[in-house]
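Listed below are the residues making up each chain.
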Amino acid sequence: QVELVESGGGLVQTGGSLRLSCAASGHSFSKLSMAWFRQAPGKEREFVAACNGGGTAYAGSVQGRATISCDSAKNVVSLQMNNLSPEDTALYYCAAKEHANAVIALPYDYWGQGTQVTVSS
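Calculation rules
- Residues numbered from 1 in each chain as written.
- Predicted model: local features only at pLDDT ≥ 70, side-chain atom pairs only at ≥ 80, totals over all residues.
- Heavy atoms only, no water.
- Core = buried A, V, L, I, M, F, W, Y, C linked by side-chain atoms within 4.5 Å.
- Buried < 20%, exposed > 50% of the residue type's maximum accessible area, 1.4 Å probe, protein only.
- Contact = heavy atoms within 4.5 Å.
- Disulfide = S-S within 2.5 Å.
- Helix = DSSP H or I, 4+ residues; strand = E, 2+ residues; numbered from the N terminus.
- Pairing = 2+ DSSP bridges.

Caption draft 1: The arrangement of the nonpolar core in detail. Within the largest apolar cluster, 37 residues are counted, with the highest numbers of intra-cluster contacts made by Met34, Trp36, Val77, Leu79 and Tyr92. Look past the residues within four positions of Tyr92 in its chain and what remains in contact with it is Glu6, Leu20, Trp36, Phe37, Arg38, Val48, Met81, Gly114, Thr115 and Val117.

So, in structure tokens, the structure goes:
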């Protein structure tokens, strides 16, 4: 059974930084594309960033403040976010899809349970 486990969320002050990580396990993955999404209270889930062996992609709202990295050997994706603001407060989800050529591989097949990021003003 495939499992995605996120870590690294927490409470941070405005202007601070966080690093989120997500590890995929369960079987031997092939051409895994991984991504981060987030959902703030009362809002729909939105794309944050994605990566695979070929590249990266970012939402405009985090461009320049976020760096995503995929370790295909370990099936781990990390998201470094800097200069955080209260608008970044949300539940952050890791997602993955196998046999994907595109960097943003919608729809994703596997989802984690989420890790909470709260940015205080």
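After that view, the rundown keeps rolling.
Caption draft 2: Expanded view of the state of the cysteines. Following the criterion strictly, the structure yields two disulfides and no others. Two residues, Cys51 and Cys70, share a disulfide whose sulfurs are 1.8 Å apart. With the S-S dihedral at roughly 85°, the linkage between Cys51 and Cys70 falls on the right-handed side. Separated by 19 residues along the polypeptide, Cys51 in strand β5 (residues 46–52) and Cys70 in strand β7 (residues 66–71) bring together distant segments of the chain. Note on Cys51: relative accessible area 1%, which makes it buried.

Caption draft 3: Structural view of the environment of Gly9. Among the structural elements, Gly9 can be located in the loop between β1 (3–7) and β2 (10–13). The exposure class of Gly9 is partly exposed, given its relative accessible area of 33%.

Caption draft 4: Layout of the pairing of strand β4 (residues 33–39). A large share of β4 lies buried, amounting to six of its seven residues. One ladder, built from seven bridges, connects β4 with strand β9 (residues 90–97); its direction is antiparallel. Of the residues in β9, the one forming a bridge with Ala35 is Ala95. Strand direction decides the pairing type here: β4 and β5, joined by five bridges, are antiparallel. Note on β5: the bridge partner recorded for Phe37 is Phe47. Joining the antiparallel neighbours β4 and β5 is a turn of six residues, in which Gly42 adopts a positive phi near 80°.

Caption draft 5: View of the pairing of strand β11 (residues 115–120). Alternating positions in β11 separate cleanly, Thr115, Val117 and Val119 being buried on one face and Gln116, Thr118 and Ser120 remaining unburied on the opposite face. Bridge count for β2 against β11 is four bridges, and the pairing is parallel. Each residue of the ladder has a partner; that of Gln13, found in β11, is Ser120. Pairing between β9 and β11: three bridges, direction antiparallel. Its bridge partner being in β11, Leu91 is matched across the sheet by Gln116.

Everything listed here is a matter of coordinates, which is why it stays silent on function.
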